[in-house]
Amino acid sequence: MSVTSTTQQRINREIRAREVRVIDNEGNQLGVLSLNDAIQAAWDRDLDLVEVAPTAVPPVCRILDFGKFKYSQAKKTQESKKHQRIIKIKEIKMRPKIEVHDYDFKKGHVMRFLSEGHRVKVTIMFRGREMAHTHLGRNILDRLTNDLAPYAAPENPPRLEGRNMYVYLVVKPGAVFPDSVAHIVVPEEDAQDA
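Residues numbered from 1 in each chain as written. Predicted model: local features only at pLDDT ≥ 70, side-chain atom pairs only at ≥ 80, totals over all residues. Heavy atoms only, no water.

## Observations concerning the sheet that holds strand β2 (residues 29–34)
Logical step 1: Strand order in the open sheet formed by four strands is β2-β1-β4-β3, with mixed pairing between adjacent strands. Across the chains shown, the open sheet's two edge strands, defined by having one partner strand only, are β2 and β3 (48–53). Taken over all neighbouring pairs, the strand axes of this sheet differ in orientation by 35 degrees on average, direction set aside.
Logical step 2: Of the pairings in the sheet, the one linking strand β1 (residues 19–23) to β2 comprises five bridges and is antiparallel in character. Of the residues in β2, the one forming a bridge with Glu 19 is Ser 34.
Logical step 3: Most of the contacts of helix α1 (residues 35–44) go to β2, to which it runs at about 130 degrees, and overall it touches β1, β2, β3 and β4 (60–64). (Pairing = 2+ DSSP bridges. Helix = DSSP H or I, 4+ residues; strand = E, 2+ residues; numbered from the N terminus. Axes fitted to C-alpha atoms, helices over the stretch in contact; angles between N-to-C directions. Contact = heavy atoms within 4.5 Å.)

Structure follows, in structure tokens:
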């Protein structure tokens, strides 16, 4: 049976050791065999010889169906990913001369992202001479963190990097958002087709 490995495990002729400890497909130890004898024992059963412990002396190999083995490994990996919670970082950008309505609108988006469990990066972008007045951007970020204090907390104080000042906001444990936050809908481009 000629199968080449695409994973980190070596199989059949890819195994480099002269002698290997062999475990058959039923879990019984066949003992220490030469590589050729071990491969022949696997091929007699129409299975593959797979190196499972390459650092052992001698390396431990199992006789098994490599295709089924890869499939079960992929299923285990997929199952472990189901239980992971992926937290995305959403970003909201503002300018230091933002108007009240625009500020409220963007604050609503920040609240919606936080209610969905995401981290939010709020960025103030400075252009040209606005760099001389970074305190205005700092005031906006401070105002936003104060407005969202019941729901979110900043990870660190606001930072200035280049022409951008930013702060990361994370949801406070046990924060209860108003029902109106869930109803904020971002218009989609697909709605124009309807």
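## Regarding the packing of aromatic side chains
Logical step 1: Within this structure, the stated rule accounts for three aromatic pairs.
Logical step 2: The interplanar angle of 15 degrees and the centroid separation of 5.1 Å between the aromatic rings of Tyr 151 and Phe 177 together place this pair among those described as stacked. Of this pair, Tyr 151 sits in the loop between α4 (134–147) and β7 (152–154) while Phe 177 sits in the loop between β9 (164–171) and α5 (179–182); the two residues are 26 residues apart in sequence, bridging distant segments of the chain. Here Tyr 151 matches Phe 177 in class, with each residue buried. (Phe/Tyr/Trp six-rings, centres within 6.5 Å; stacked < 30°, edge-to-face > 60°. Buried < 20%, exposed > 50% of the residue type's maximum accessible area, 1.4 Å probe, protein only.)

## Focus: the nonpolar core
Logical step 1: Ranked by size, the top nonpolar core spans 21 residues in total, and within it Met 94, Val 110, Leu 114, Val 122, Leu 148 and Leu 169 carry the most contacts.
Logical step 2: Looking at this core, the elements with two or more residues in it are β5 (89–94), α3 (100–115), β6 (119–125), α4 and β9.
Logical step 3: Among the elements that line this core, the one with the most residues is α3, at five residues.
Logical step 4: Not counting residues within four places of it along the chain, the set of residues in contact with Leu 169 comprises Val 110, Leu 114, Arg 119, Val 120, Val 122, Leu 144, Thr 145, Leu 148, Ala 152, Ala 153 and Pro 154.
Logical step 5: Counting 13 residues, the second-largest nonpolar core is a separate cluster that includes Ile 15, Val 20, Leu 49 and Ile 63. (Core = buried A, V, L, I, M, F, W, Y, C linked by side-chain atoms within 4.5 Å.)

What is shown is where atoms sit, not what they do.
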